[in-house]
Amino acid sequence: MLHRPGAELARLTPRNNDSLLFDGIPWVGRAQEEHDKFAQALRDRGVEVLYLGKLLEETLAVAEAREELTRGVLESHRLGDALRERVTAHLADLGPVELAHVLMAGLAHEEVKPGPGRTGGLVYELMDRHDFVIDPLPNLLFTRDSSVWVRDRVAVTSLAMPARGRETTLTRAIYTHHPRFAGTELLYTPGLEHVEGGDVLLLAPNVLAIGVGERTTPAGAERLARRVFGAGLAHTILAVPIAQERATMHLDTVCTMVDVDAVVMYPNIADTLQAYPVTLGSDGEPVVGAARPFLVAAAEAMGIDRLRIIDTGLDPVTAEREQWDDGNNTLALAPRLCVAYERNVETNAQLERAGIEVIAISGSELGSGRGGPRCMSCPVERARS
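Residues numbered from 1 in each chain as written. Predicted model: local features only at pLDDT ≥ 70, side-chain atom pairs only at ≥ 80, totals over all residues. Heavy atoms only, no water.

A. Representation of the pairing of strand β3 (residues 147-150). The alternating pattern of β3 places Ser 147 and Trp 149 and Val 148 and Val 150 on opposite faces, both of which are buried. Inspection of the sheet shows β3 paired to strand β4 (residues 153-156) by 4 bridges, in the antiparallel sense. By the bridge assignment, Val 148 is partnered in β4 with Ala 155. Linkage of β3 to β4, two consecutive antiparallel strands, is achieved through a turn of 2 residues, within which Arg 151 is found at a positive phi near 55°. (Buried < 20%, exposed > 50% of the residue type's maximum accessible area, 1.4 Å probe, protein only. Helix = DSSP H or I, 4+ residues; strand = E, 2+ residues; numbered from the N terminus. Pairing = 2+ DSSP bridges.)

This is the structure in structure tokens:
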């Protein structure tokens, strides 16, 4: 599942980009061109691409889903009664396509349709003309974070940052109401302890790593571990503390799988990254083991002699630059085949030298929200070897 960037990115301004978690103002047209090439690269390798926006439009044709999602935005306490009544009438007039647009791109102050006797009240009058009645969701681009599949079940996550909280309401509605996903069991739901998909790595068929840091809390990792064990989806989960910094917001910003026994990894943390192995005890409760070096704990859980490391960059300066530019955030399409940003020249060369084929894509605009190919994709179904 991908999300083609759209009008929600055009809502970013120097006034709001920080609060909406972007480091810059992307050129929307170029971002769309880059994303289209990314999607085509996936199709060229036999991947079926689903678009979140299209799925949402189709989901909103289901009356229950429409009522659920509109109720969600109308419950905001900042609206007030008069403006809520006006927005309710505005949304009621929209078809599924137009409503999907509003739910993703937001609704600006001046876009609320006037109606007889509906002034919007004090809240509307005191809003700046550039304020949003419904906030845009520019981070929808990063579909990895709002849901993660473990075999045939999906964890709809609980996002930590206020600017992203509403994303999972859309994702949950799609998985709950769209015919494509009929019967799908939810492994996790919004409103639980914070967990984000970028912190969840499937290291092997029965082994998961969950990063704990800026976005995923220890309580969230524990809750997800309980759910995974309860469903019999893994025998070992590695809880991996990571620095709570912008450049390392998720585990997949410092480490991603590129082969069944290899990771591309930020060298500055390779020797210090720790993991707490979590297994299921005989009493049905998770048992937390002592902290061990991540690479050692991962190899042992995966049943291999060692986990090969491919460094980001070739020297400390290049490594830091390419770490910031999502050099570690590769998307593995198969063993020894991954998608990466073309600008991370040294990291990509390192991968190629290690026998990993790299599909290099442009990302000068896509990367402005701090995310690479893995962040921008949510694998729904994987071929089994």
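B. Focus on the sheet that holds strand β14 (residues 308-311). Sheet architecture is open: 3 strands sit in the order β9-β10-β14, paired in mixed fashion. Two strands lie at the open edges of the sheet, namely β9 (255-259) and β14, each paired on one side alone. Each adjacent strand pair in this sheet contributes to an overall mean axis angle of 35°, direction not counted. Strands in contact with helix α13 (residues 345-353) are β9, β10 (262-265) and β14; relative to β14, the strand with the most contacts, it is inclined by about 145°. (Axes fitted to C-alpha atoms, helices over the stretch in contact; angles between N-to-C directions. Contact = heavy atoms within 4.5 Å.)

C. The layout of surface pockets, seen in detail. Considered as a void within the structure, the largest pocket measures approximately 1800 Å³ in volume. Contributing to the lining of the largest pocket are 47 residues, with Ala 332, Pro 379, Glu 381, Arg 382 and Ala 383 lying nearest its centre. Mapped onto the lining of the largest pocket, the elements with two or more residues apiece are β3, β6 (200-204), β9 and β15 (331-334). In terms of lining residues, the second largest pocket is bounded by 23 residues, among which Arg 78, Ile 134, Asp 135, Pro 136 and Arg 166 are the most central. Secondary-structure elements contributing two or more residues to the lining of the second largest pocket are α4 (63-74) and β2 (132-134). Counting residues per element, the lining of the second largest pocket draws most heavily on β2, at 3 residues. Split into classes, the residues belonging to the lining of the second largest pocket amount to 10 nonpolar, 7 polar and 6 charged. (1 Å grid on protein atoms, 1.4 Å probe; cavity = no way out; pocket = protein on both sides within 12 Å on 5 of 7 lines; lining within 4 Å. Points joined across faces, edges and corners; volume = space filled by probe spheres on them. Nonpolar A, V, L, I, M, F, W, Y, C, P; charged D, E, K, R; others polar.)

D. Summary view of the UniProt feature "active site" (unreviewed entry) in the protein. Here, UniProt's "active site" (unreviewed entry) annotation points to Cys 375. Looking at the element boundaries, Cys 375 is found in the segment after β17 (357-361). Those residues in contact with Cys 375, other than ones at most four positions away along the chain, are Leu 141, Phe 142, Thr 143, Arg 144, Asp 252 and Asn 329. (UniProt positions renumbered as here; feature names shortened; annotations may be inferred.)

E. Quick look at helix α6 (residues 96-105). Regarding α6, the residues found buried are Leu 99, Ala 100, Val 102, Leu 103, Met 104 and Ala 105. Looking one or two places after α6, you find Gly 106, whose phi comes out positive at around 85°.

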